[in-house]
Amino acid sequence: MPTGVGACQPWPHAGSARIWWRTAQVLALAAIAFFAVSFVLAPRKVVFDKTYQLYDAGKALYVEAGTRHAGKAERHVAGPGGQPEVARRAASGRREAAAKSVLLSEPFATERTTNMRAQIFSPSSNNWVGVGADLISESTGEVRSFYLLSDRYSGVDGGEKWSEGSQSRSVWLSRVPAGRFVLRLDPESDSPGLRPPSA
Amino acid sequence: MKLTSGVPRFLYLVWTLVLLMLGPVYLGLSRISFEGRRWSQSDFSSGGAEKTGDDGDDGDDS
């Protein structure tokens, strides 16, 4: 029985290879077309968008940006001026009670089952800010946990600038059902740069 | 923190195309291997160039 490949032997898969290539081409074009259509028609609805500010870096307490507590925290950081000591301590205690290391969002709703992109952005510079998050369904109690890290490092080494990491990161949650959700956030950071000036 | 629902993910398209190309790539490699074996006993390569080196059968080097 002859072994090896003969000089004039044709490739045995010549016929089926053409069918494979043609099928792959058609399916690839169909996939690209499907993605293009879904890219154009995708709702891209922002269901949650909140910014949080570090209230006390030593205790890792955060407040929601733009809220009354955040404003007070900012004024507290800037210096309360001629406020009496007792009143200032009481106000500081209330503000600290409002600031939390674990944040629970207001409920928000999704209208249909779809995927969901979670993004974090932090002005991190040679430090990192991480957020452990739980997406909790109010109706079923199902919890989807994920972690997002914003870390941006840069410098000059041997006369060359370098940078690594990213201030913005995303994760994707697949098939999030329609319903009401709350988001539980547990932020952490190694950033002394985020420490308020008065701390 | 921002949550956006209904966002197409480009990575899924990339993975789909990669999976679709697995069969054709395997067939392409199979054909290259076959052609290499088919031309292995020839004085010429599959591209038409004449082979050089000491593996010829004339044996006049010594």
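The residue numbers shown here count from 1 along each chain, following its written sequence. Chains and ligands are labelled by the order in which they are written, letters from A for the one and numbers from 1 for the other. This being a predicted model, a pLDDT of at least 70 is required before a residue's local features are given, and a value of 80 or more before pairs of side-chain atoms are given or counted; all residues contribute to the totals for chains, interfaces and linings. Note that water and hydrogens are dropped before the side-chain values are worked out from all heavy atoms of the structure.

Examining the overall build of chain A
Cut-off, in case you're wondering: Secondary structure elements follow DSSP: runs of H or I no shorter than four residues count as helices, runs of E no shorter than two count as strands, and numbering proceeds from the N terminus. Working definition: with a 1.4 Å probe on protein chains only, accessible area under 20% of the residue-type maximum means buried, over 50% means exposed, and in between means partly exposed. Two residues form a contact once any of their heavy atoms are found within 4.5 Å.
Each helix and strand counted, chain A has three helices and eleven strands in total. Across chain A, helices and strands are ordered from the amino to the carboxyl terminus as α-β-β-β-α-α-β-β-β-β-β-β-β-β. Evaluated residue by residue, chain A yields a buried proportion of 29% over its 199 residues. Of the contacts made within chain A by residues no fewer than 6 positions apart, 66% connect residues no fewer than 24 positions apart.

As for the pattern of salt bridges
Opposite charge on two side chains makes pairing possible when the charged atoms of those side chains draw close. Residues and elements named next belong to chain A. Using the following cut-off: Salt bridge criterion: a side-chain nitrogen from Lys or Arg within 4 Å of a carboxyl oxygen from Asp or Glu.
Summed over the entire model, instances satisfying the criterion amount to six salt bridges over all chains. With a closest N to O distance of 3.3 Å, Asp134 and Arg184 form a salt bridge. Taken together, the residues Asp134 in strand β7 (residues 127-137) and Arg184 in strand β11 (residues 179-189) connect sequence positions 50 residues apart. When its relative accessible area of 31% is taken as the criterion, Arg184 is described as partly exposed.

Some words on unusual backbone geometry
Phi is positive for Arg44 of chain A, close to 50°, though the residue is something other than glycine. The exposure class of Arg44 of chain A is partly exposed, given its relative accessible area of 32%.

Topic: the confidence of the model for chain A
Reading fine detail from the predicted coordinates is not recommended where pLDDT is low. Residues and elements named next belong to chain A. Put simply, the test is: Per-residue confidence from the predictor is reported as pLDDT, which spans 0 to 100.
Averaged over chain A, the pLDDT score is 81; the fraction of residues at 70 or greater is 75%. Between residues 71-82, whose pLDDT stays under 50, and residues either more than four places distant or in other chains, the model counts 13 contacts. Here residues 195-199 is a poorly scored stretch, pLDDT under 50, and it has nine contacts once near neighbours within four places are set aside; other chains count.

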